[in-house]
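Spelled out, the chains give:
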Amino acid sequence: GKLPPLSVIYSLQRVCLNVPGIPSAGMTPASPVIRRSSEPQLCPGNGTKPPSEPSNSVHPTPCHSYRQASPSPSLNSYSDLDSGHYCQLQPPIRGSRERVAPEPPTHLGGVKSYVERLKVEEGQHLTAGRAPENGPHEGDQGGGFILPVIEVTSSFNPTTFQSLLIPKDNKPLEMSILKKVKELLADVDAKTLARHVTKVDCLVARILGVTKEMQGLMGVRSGMELLTLPHGRQLRLDLLERFHTMSIMLAVDILGCTGSTEERAALLHKTIQLAAELRGTMGNMFSFAAVMSALDMAQISRLEQTWMTLRQRHTEGAILYEKKLKPFLKSLNEGKDSPPLSNTTFPHVLPLITLLECDTAPAEGPEPWESTEHGVEVVLAHLEAARTVAHHGGLYHTNAEVKLQGFQALPELLEVFSTEFQMRLLWGSQGAASSQALRYEKFDKVLTALSHKLEPAVRSSEL
């Protein structure tokens, strides 16, 4: 018969038909057009090889021969008929290595085009139950794609929070509650505090305690992957809320120490030890950064007498803070350093979520990428680190389980480090429901007043 016209774009090198009893014959195209290396070729399988078993799929699928794909699109990979490449077109020819799949089921209307079949399936999928905001629908019986839930409300609800320490209606910074919190924080060592903080952090960030149902709703296995995705915005906002609320509560604990300078310096030393335990023992970079943020607040860093007493009475703590912890946090923020994965329970995601939520993140001075001439490199480093964060959610989960194995948590201390409790403690039952910007603005003034009450500006200027 007459050969079909050859395309200018695609040139057929060889057609191999496997007919029983007749050896395969190759035909060379008569076209003088020479195929360029950048052009894909039609590459059916070698007809001399026995046919493989038929595919289990009930739909015809495009054959790209991923099994023997060349690592790079070199010229040799295009000319080799036995090694496929993602740019090659290899339609399933009856009798070749890839047999034609069975006819599509009747519910797809006999559509044989792969692209058209996907369009039909997508239409049936959406009409089976369209609920991107309200949860996954039940239109898939074969374990296909399920639309994840787009969360629009915070997981923190201080209004309905059931507390062991706070009454139903409380005012901001009630002295009786502050005293109880101070006692709880003072009764245990820094390592125990770090374990309690990490336990709550991993639950909030969905590193621990993630059920199969939650994974289905999220569409991913871990919160570390979710926070890198568009529909993980609410989790990012919740983590920002937790970070700043934790920092403010720790600052209140230090500035609320109205005793002697030595007592305040001792509390400062224990807070530094907490930061060191979170960084080293627990591998929790999230709360490590939150504790360091509290220590670096202007209202605390201006307490010159307290810091001077720290250097005199707790020299090792002062050296640890100035020479190790601060430089390490700086390198984390600039994307130059990262803790070993084998020891990390909660990676340093604060720069990433701040970048992704730059329109809503509270401003606390210039970000690392705004205060350096290498700002673009810093941004790219944190965006690249997001790949690692999303990929190693399972490893963070395993590390957290190992470090918290056998840990007997104190319920009241766990509550102290819960975000709902901290919101109720700082802003009261009514103020906790106010807007975030208003809450932070008011409390910045409260911290400034507490700081100047401890060390008035006149005295500090005379030192």
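Residues numbered from 1 in each chain as written. Predicted model: local features only at pLDDT ≥ 70, side-chain atom pairs only at ≥ 80, totals over all residues. Heavy atoms only, no water.

- As annotated in an unreviewed UniProt entry, the chain carries the name Ras-GEF domain-containing protein and is attributed to Vombatus ursinus.

## Some details on a nonpolar patch on the surface
Thinking step 1. A contiguous nonpolar surface patch, about 360 Å² in accessible area, is contributed by Leu356, Val376, Leu380 and Leu383.
Thinking step 2. Top contributing element to the nonpolar patch by residue count: helix α14 (residues 375–391), with three residues.
Thinking step 3. For Val376, the position within the fold is in helix α14.
Thinking step 4. Overall, the relative accessible area of 59% leaves Val376 in the exposed class. (Patch = residues over 30% accessible without salt bridge, like charges linked within 9 Å, V, L, I, M, F, W, Y side chains within 5 Å. Areas by Shrake-Rupley, 256 points an atom, 1.4 Å probe, with all protein chains shown as cover. Salt bridge = Lys/Arg side-chain N within 4 Å of Asp/Glu carboxyl O. Helix = DSSP H or I, 4+ residues; strand = E, 2+ residues; numbered from the N terminus. Buried < 20%, exposed > 50% of the residue type's maximum accessible area, 1.4 Å probe, protein only.)

## Observations concerning the packing of helix α9 (residues 285–295) against helix α12 (residues 315–333)
Thinking step 1. The interhelical angle for the contact between α9 and α12, taken along N-to-C directions, is 120°, at an axis separation of 11 Å. Put simply, α9 runs oblique to α12. Considering how the two elements wind past one another, α9 and α12 form a crossing that is left-handed. Contact with α9, carried on its side by Met285, Phe288, Ala289, Met292 and Leu295, involves Tyr321, Leu325, Lys326, Phe328, Leu329 and Leu332 of α12 and no other residues of that element.
Thinking step 2. In terms of residue class, the contact of α9 with α12 is built from ten nonpolar, no polar and one charged. (Axes fitted to C-alpha atoms, helices over the stretch in contact; angles between N-to-C directions. Parallel < 35°, antiparallel > 145°, perpendicular 65-115°, else oblique. Left-handed = near helix turned anticlockwise from the far one by under 90°. Contact = heavy atoms within 4.5 Å. Nonpolar A, V, L, I, M, F, W, Y, C, P; charged D, E, K, R; others polar.)

## Here we look at unusual backbone geometry
Thinking step 1. Despite not being glycine, Leu173 has its phi angle at roughly 50°, a positive value.
Thinking step 2. As for its placement among the helices and strands, Leu173 is situated in the loop between α2 (114–128) and α3 (175–186).
Thinking step 3. With a phi close to 65°, Arg206 is a non-glycine residue in the positive phi region.
Thinking step 4. Here Arg206 lies in the loop between α4 (190–204) and α5 (212–218).

## Focus: the nonpolar core
Thinking step 1. Counting 89 residues, the largest nonpolar core has Met224, Leu239, Phe288, Phe417 and Phe421 as its most contacted members.
Thinking step 2. Take this core: its biggest share by element is twelve residues, from helix α7 (residues 233–255).
Thinking step 3. Filtering out sequence-adjacent residues up to four positions away, Met224 remains in contact with Ala205, Ile207, Phe346, Pro347, Val349, Val389, Ala390, Gly393 and Tyr396. (Core = buried A, V, L, I, M, F, W, Y, C linked by side-chain atoms within 4.5 Å.)

## Let's talk about the pattern of salt bridges
Thinking step 1. Going through the model one piece at a time under the given rule, you end up with twelve salt bridges.
Thinking step 2. With a shortest N-O distance of 2.6 Å, Asp201 and Arg242 are connected by a salt bridge. With Asp201 in helix α4 and Arg242 in helix α7, the pair connects residues that are 41 residues apart, well separated along the chain.
Thinking step 3. By relative accessible area, which is 0% here, Asp201 ends up buried.
Thinking step 4. Taking the relative accessible area as the measure of exposure, Arg242 reaches 0% and is therefore buried.
Thinking step 5. Each of Arg233, Arg236 and Glu357 takes part in one network of salt bridges that share partners.

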